[in-house]
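Take a look at the letters that make up each chain.
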Amino acid sequence: MEDCLVKKMEITVSEAEKRTGRNAMNMQETYTAYLIETRAVESQGEGQCAPVDSLWRRYSEFELLRNYLTVTYPHVVVPPLPEKRADFVWHKLSADNMDPDFVERRRIGLENFLLRVAAHPVLCLDKMFYSFLTQEGGWKEMVNETGFQLKADSRLKALNATFRVKNPDKRFTELKHYSDELQSVISHLLRVRARVADRLYGVYKVHGNYGRVFSEWSAIEKEMGDGLQSAGHHMDVYAASIDDILEEEEHYADQLKEYLFYAEALRAVCRKHELMQYELEMAAQDLTSKKQQCEELATGTVRTFSLKGMTSKLFGQETPEQREAKIRILEEQIQEGEEQLKSKNLEGRDFVKSAWADIERFKEQKNHDLKEALISYAVMQISMCKK
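Here the residue index of a chain counts from 1 through its sequence in written order. With pLDDT at 70 or above as the cut-off, local features in this predicted model cover only qualifying residues; side-chain atom pairs require 80 or more to be listed or tallied, and sums for whole chains, interfaces and linings still use all residues. With hydrogens and water excluded, all non-hydrogen atoms of the structure serve as input to the side-chain values.

- Looking at an unreviewed UniProt entry, one finds the chain named SNX4 protein and attributed to Oreotrochilus melanogaster.
- UniProt positions are given in the numbering used here, feature names are shortened, and annotations may be inferred rather than shown by experiment. Quoted verbatim from the Sequence similarities (unreviewed entry) field of the UniProt record, the comment on the chain reads "Belongs to the sorting nexin family."

What to know about the packing of helix α3 (residues 100–119) against helix α4 (residues 127–134)
Alright, step 1. Where α3 meets α4, the closest approach of the two axes is 11 Å, and the angle between their N-to-C directions is 140°. One way to sum up the angle between α3 and α4 is to call them oblique. Taken as a pair, α3 and α4 cross one another with a handedness that is left-handed. Residue-level contacts link Leu114, Val117 and Ala118 of α3 to Phe129, Phe132 and Leu133 of α4.
Alright, step 2. Its residues placed into classes, the contact of α3 with α4 shows 6 nonpolar, no polar and no charged. Axis definition: a line fitted to C-alpha atoms, limited for helices to the stretch in contact. Angles are taken between N-to-C directions and run from 0 to 180 degrees. Labels follow the DSSP assignment, with helices taken as runs of H or I lasting at least four residues and strands as runs of E lasting at least two, numbered in each case from the N terminus. Between 65 and 115 degrees an angle is taken as roughly perpendicular, under 35 as roughly parallel, over 145 as roughly antiparallel, and anywhere else as oblique. Left-handed is the label given to a crossing in which the near helix is rotated counterclockwise from the far helix by less than a right angle, and right-handed is the label when the rotation is clockwise. Only heavy atoms matter for contacts: two residues are in contact if any of them lie within 4.5 Å across the pair. Three categories are distinguished: nonpolar for Ala, Val, Leu, Ile, Met, Phe, Trp, Tyr, Cys and Pro, charged for Asp, Glu, Lys and Arg, and polar for the others, with Gly belonging to the last.

Some thoughts on the nonpolar core
Alright, step 1. Of all hydrophobic cores here, the largest spans 33 residues; its most connected members are Phe62, Leu114 and Leu133.
Alright, step 2. Apart from the residues lying within four places of it in its own chain, the contact partners of phenylalanine 62 are Tyr34, Ile36, Arg57, Leu81, Leu110, Phe113, Leu114 and Phe132.
Alright, step 3. We call a set of buried residues a nonpolar core when its members are Ala, Val, Leu, Ile, Met, Phe, Trp, Tyr or Cys and they connect through side-chain atoms within 4.5 Å of each other. Burial classes follow relative accessibility: with a 1.4 Å probe on protein chains only, a residue under 20% of its type's maximum area counts as buried, one over 50% as exposed, and anything between as partly exposed. With 24 residues, the next largest nonpolar core counts Val77, Leu175, Val269 and Ala355 among its residues.

What to know about the sheet that holds strand β1 (residues 9–22)
Alright, step 1. Pairs of strands are assigned from DSSP output, requiring at least two bridges between the strands. The 3 strands are arranged β1-β2-β3 in an open sheet whose pairing can be described as antiparallel. Where the open sheet ends on each side, the last strands, each with one partner, are β1 and β3 (53–58). Strand-to-strand twist of the sheet, defined as the mean angle between neighbouring strand axes without regard to direction, takes the value 25°.
Alright, step 2. Sheet analysis places strand β2 (residues 28–40) next to β3, joined by 6 bridges and oriented antiparallel. In the sheet register, isoleucine 36 faces β3, and the bridge partner there is leucine 55.
Alright, step 3. The strands touched by helix α2 (residues 59–72) within the sheet are β2 and β3, with β3 carrying the most contacts at an inclination of about 90°.
Alright, step 4. Relative to the sheet, α4 contacts β1, β2 and β3, its axis offset from that of β3 by approximately 105°.

Some thoughts on the packing of aromatic side chains
Alright, step 1. Each aromatic pair joins two rings of Phe, Tyr and Trp (for Trp, the six-membered one) with centres within 6.5 Å, and gets the label stacked for planes under 30 degrees apart, edge-to-face for over 60, and tilted for any other angle. The tally for this structure, following the rule as stated, stands at 12 aromatic pairs.
Alright, step 2. With a centroid separation of 6.0 Å and 40° between ring planes, the pair formed by tyrosine 259 and phenylalanine 362 is classed as tilted. Of this pair, tyrosine 259 sits in helix α9 (residues 225–299) while phenylalanine 362 is found in helix α11 (residues 320–386), placing the two residues 103 residues apart along the sequence.
Alright, step 3. Here tyrosine 259 falls in the buried class, since its relative accessible area comes to 1%.
Alright, step 4. Members of the aromatic cluster, joined through ring pairs, are Tyr34, Phe62, Phe113, Phe132 and Trp139.
Alright, step 5. Only Lys NZ and Arg CZ are tested; either one counts as a charge over a ring when it is within 6 Å of the ring centre and within 35 degrees of the ring normal. Positioned above the aromatic ring of phenylalanine 132 is the side chain of arginine 57, whose terminal nitrogen or guanidinium carbon lies 4.8 Å from the ring centre.

Considering the packing of helix α7 (residues 155–164) against α9
Alright, step 1. At a minimum axis separation of 8 Å, α7 and α9 run at an interaxial angle of 70°. One element, α7, and the other, α9, form an angle in the roughly perpendicular class. Taken together, the residues of α9 that come into contact with α7 (itself represented by Arg155, Lys157, Ala158, Asn160, Ala161, Thr162 and Arg164) are Glu264, Arg271, Glu274, Leu275, Tyr278, Glu279 and Glu281.

Considering α3
Alright, step 1. With 20 residues, α3 extends 29 Å between its outermost C-alpha atoms, agreeing within 8% with the 28 Å of an ideal straight helix rising 1.5 Å per residue.
Alright, step 2. Phe102, Val103, Arg105, Arg106, Arg107, Gly109, Leu110, Phe113, Leu114, Arg116, Val117 and Ala118 are the residues of α3 that are buried. For a helix, the expected span equals 1.5 Å multiplied by the number of residues minus one.

With respect to the pattern of salt bridges
Alright, step 1. Salt bridges are defined as contacts in which a side-chain nitrogen from Lys or Arg sits within 4 Å of a carboxyl oxygen from Asp or Glu. By the definition in use, this model includes 24 salt bridges.
Alright, step 2. Between glutamate 17 and arginine 19 there is a salt bridge, and its shortest N-O distance comes to 2.8 Å.
Alright, step 3. A residue is classified by how much of its surface remains accessible, and arginine 19, at 25% relative accessible area, is partly exposed.
Alright, step 4. The closest approach of N and O atoms between lysine 291 and glutamate 338, which form a salt bridge, is 3.2 Å. Separated by 47 residues along the polypeptide, lysine 291 in helix α9 and glutamate 338 in helix α11 bring together distant segments of the chain.
Alright, step 5. By relative accessible area, lysine 291 is classed as partly exposed at 39%.
Alright, step 6. Through salt bridges with shared partners, a single network forms among Glu83, Arg105, Arg193, Glu249, Glu250, Asp254 and Lys257.

Focus on the side chain of threonine 32
Alright, step 1. Inspection of the secondary structure puts threonine 32 in strand β2.
Alright, step 2. With residues up to four places along the chain from it excluded, the contact list for threonine 32 reads Ala16, Glu17, Arg57, Arg58, Tyr59, Met98, Val103 and Arg106.

Re the environment of tyrosine 210
Alright, step 1. Position of tyrosine 210 relative to the elements: it lies in helix α8 (residues 170–218).
Alright, step 2. When the C-alpha atoms of tyrosine 210 and histidine 233 are compared, they prove to be 9.6 Å apart, with 23 residues separating the residues in sequence.

The following block contains the structure:
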């Protein structure tokens, strides 16, 4: 953790700005750009502040960075980005991704994403991530030149592996079920919270009507006038207080949303493992088949029905020279297959070791964050009830 970038550099996404430009189709579009500010920590200890470097990035560039990290480090539970469009909205919240409140919450989420990556023991050392923070021009071209898209596994391949893998690792299967349940539970929690927020907002705002009625009533009462006016003012204050309360609640909802999106990051690691296991099984199957063919050619016996066996019966046997040549080719292929299988076995073991270490790190982080968020939420509710 001492080598992590977050220890050496202050990283903030300090502001968001609405801009207009032209997209790849040469059509005009409106988008939001975010100002990333970085400052080296080292020189601050000497009583002087390091200069601040700043650059602007679009949300799509954050997406490109995350896609690159996911493909380059398949064994890592890569931190998720905040939502592109608002989910689990209640009526006061806007689903418009240009809404100032939503943009502000997304700015906080993007800063959190960068801090998560900068604190990760593996991701923080990546050169492309460092360039993302420090080099504005030409960054996209640099990332695309790494050719990471070519290494990306297709969804179809991953789906095929899920259904056809014969010996899945029990730990990864359980983790996949856990991530599905985590997503389901947090989604349900956020839906309930949105419904409660709607009802609470309505109850508080109704008190604004009481405020108006008491104020009007105070004008016609001589003895009770001051008391009614005071009661009306109290009702107005009470009605207005819900805005701050629900705004603070939204902050805790965003913390839960982060783990809703983390569930997909966990599944991505499980899918990669399934794909590697499937490729290993296919390589082992192919090697067994070649060994069997070689044995059949050497002994001249055919164990299983095959088109080749039928052909040789119909059109006569091969000459010894032809058979020898085929055996030599098969022996070379068997040797290559054995090396490939050995390599895939090593790769699989390394992947499991690295992935499980990162999953354990993630679990520790998750337990700490969710516990903190839920305790803070409870403390906030107690303070609201006291008020």
